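Inside the fold
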Amino acid sequence: MNKNLRKTVIAGNWKMNKTRREAEELIKQLRTNNTKVNIVVCVPYTNLQTAVEGFKGCSVKVGAQNVHFEKSGAFTGEISADMLKEIGAEYVIIGHSERRQYFGETDETVNKRTKAALDAGLIPIMCVGELLDEREAGITEEVVSRQTKLGLAGFTADEVKKTIIAYEPVWAIGTGRTATAEQAGDACGLIRGVIAKLYSKEVADAVTIQYGGSMNANNAAELLAQEDVDGGLIGGASLSAEDFGIIIKAAGA
Ligand code: PGA
């Protein structure tokens, strides 16, 4: 079972939620010392410092939700990978569908941001996933393959191994409509197949591939049991310590 060789990563994506005071409350409830599953909480930039301090001495790691690809310069409103690293973030979500949809993120910028994150020693969580009309048109495979290939373009095998990929069908995000375990498993398997072709089976077997999209306390166990699903990227349910805790347990903790 190659699944056992990979890191299981359960990551919460708080999106644009929680003031600092609210974040402090939730962080207290989320503190845990779980060593079987890698737990990450990706918070808004304004909560990074609070999260790094709040999770000190426990096993929960902190992530950001985006990063710019340049090291510094005239990019008003942007944050660099070195800035994230310095503050104590260890992970960063890149190319989330909300960024692709609302903020002009492209496969090319996803590629550049992912590279910048790796260069700074951050672990990127690179998101891919098809729109509903793309699934209905039968081109899921094409879309997800293209996003994976372009997102990883120019990476060494070592860089690919360090990159987490999150398969998030856009139609399942925040909609309460989850992909079936089979759909999630198939798409994650497809991504692994793309990596195997581009690099090797050994590289593909080492990459952590998450499912994301309305994962919750009720459906997590079934989704995470899929051979190619190595974790989850969780939005809504990560804002509840109780639900997030159940998902972490479902991941084998
Ligand atoms: P959701 O979001 O769990 O609320 O569907 C997942 C995500 O956007 O990463």
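Up top you'll find the structure we're talking about.
This text gives an overview of the structure that appears in the document. (Residues numbered from 1 in each chain as written. Predicted model: local features only at pLDDT ≥ 70, side-chain atom pairs only at ≥ 80, totals over all residues. Heavy atoms only, no water.)

Below, the discussion takes up the layout of surface pockets. Approximately 450 Å³ is the volume attributed to the largest pocket. Around the largest pocket sit 16 residues that line it, and Lys15, Met16, Gln65, Arg99 and Phe103 are the ones nearest its centre. Those elements that provide at least two residues to the lining of the second largest pocket are helix 4 (97-102), strand 5 (123-128) and helix 7 (140-151). Considered class by class, the residues forming the lining of the second largest pocket number five nonpolar, seven polar and six charged. (1 Å grid on protein atoms, 1.4 Å probe; cavity = no way out; pocket = protein on both sides within 12 Å on 5 of 7 lines; lining within 4 Å. Points joined across faces, edges and corners; volume = space filled by probe spheres on them. Helix = DSSP H or I, 4+ residues; strand = E, 2+ residues; numbered from the N terminus. Nonpolar A, V, L, I, M, F, W, Y, C, P; charged D, E, K, R; others polar.)

Below, the discussion takes up the site of the ligand. Not every one of the 13 residues close to the ligand is listed here, only the nearest: Lys15, His96, Glu168, Gly174 and Ser214. At 2.6 Å from an oxygen atom of the ligand is found a main-chain nitrogen or oxygen belonging to Gly174. When the free accessible area of the ligand is taken as 280 Å², the share hidden by the protein chains comes to 95%. Classifying every residue of the shell around the ligand gives four nonpolar, seven polar and two charged. (Near = heavy atom within 4 Å. Polar contact = N/O pair within 3.5 Å; in protein donor to acceptor, adjacent residues only side chain to side chain. Areas by Shrake-Rupley, 256 points an atom, 1.4 Å probe, with all protein chains shown as cover.)

Attention shifts here to the nonpolar core. The nonpolar side chains of a soluble globular protein tend to be buried with one another. Ranked by internal contacts, the top residues of the largest apolar core, which has 64 residues, are Ile10, Phe55, Ile195 and Tyr211. For this core, the element with the highest residue contribution is helix 9 (residues 181-198), accounting for seven residues. (Core = buried A, V, L, I, M, F, W, Y, C linked by side-chain atoms within 4.5 Å. Buried < 20%, exposed > 50% of the residue type's maximum accessible area, 1.4 Å probe, protein only.)

Scanning the entire structure with this criterion turns up 16 salt bridges. In this structure, Glu130 engages Arg135 in a salt bridge whose closest nitrogen and oxygen atoms are separated by 2.7 Å. Among the salt bridges present, the one from Glu202 reaches Lys161, with a minimum N-O distance of 2.8 Å. Remark: Lys161 occurs in helix 8 (residues 157-162) and Glu202 occurs in helix 10 (residues 201-206); sequence separation between them is 41 residues. Connected through shared salt-bridge partners, Arg6, Arg192, Glu227, Asp228 and Asp230 make up one network. (Salt bridge = Lys/Arg side-chain N within 4 Å of Asp/Glu carboxyl O.)

Residue placement: Ser80 occurs in the loop between strand 3 (61-64) and helix 3 (81-87). With a relative accessible area of 5%, Ser80 lands in the buried category. Ignoring anything within four residues of it in the chain, the contact list for Ser80 reads Val67, His68, Glu70 and Lys71. (Contact = heavy atoms within 4.5 Å.)

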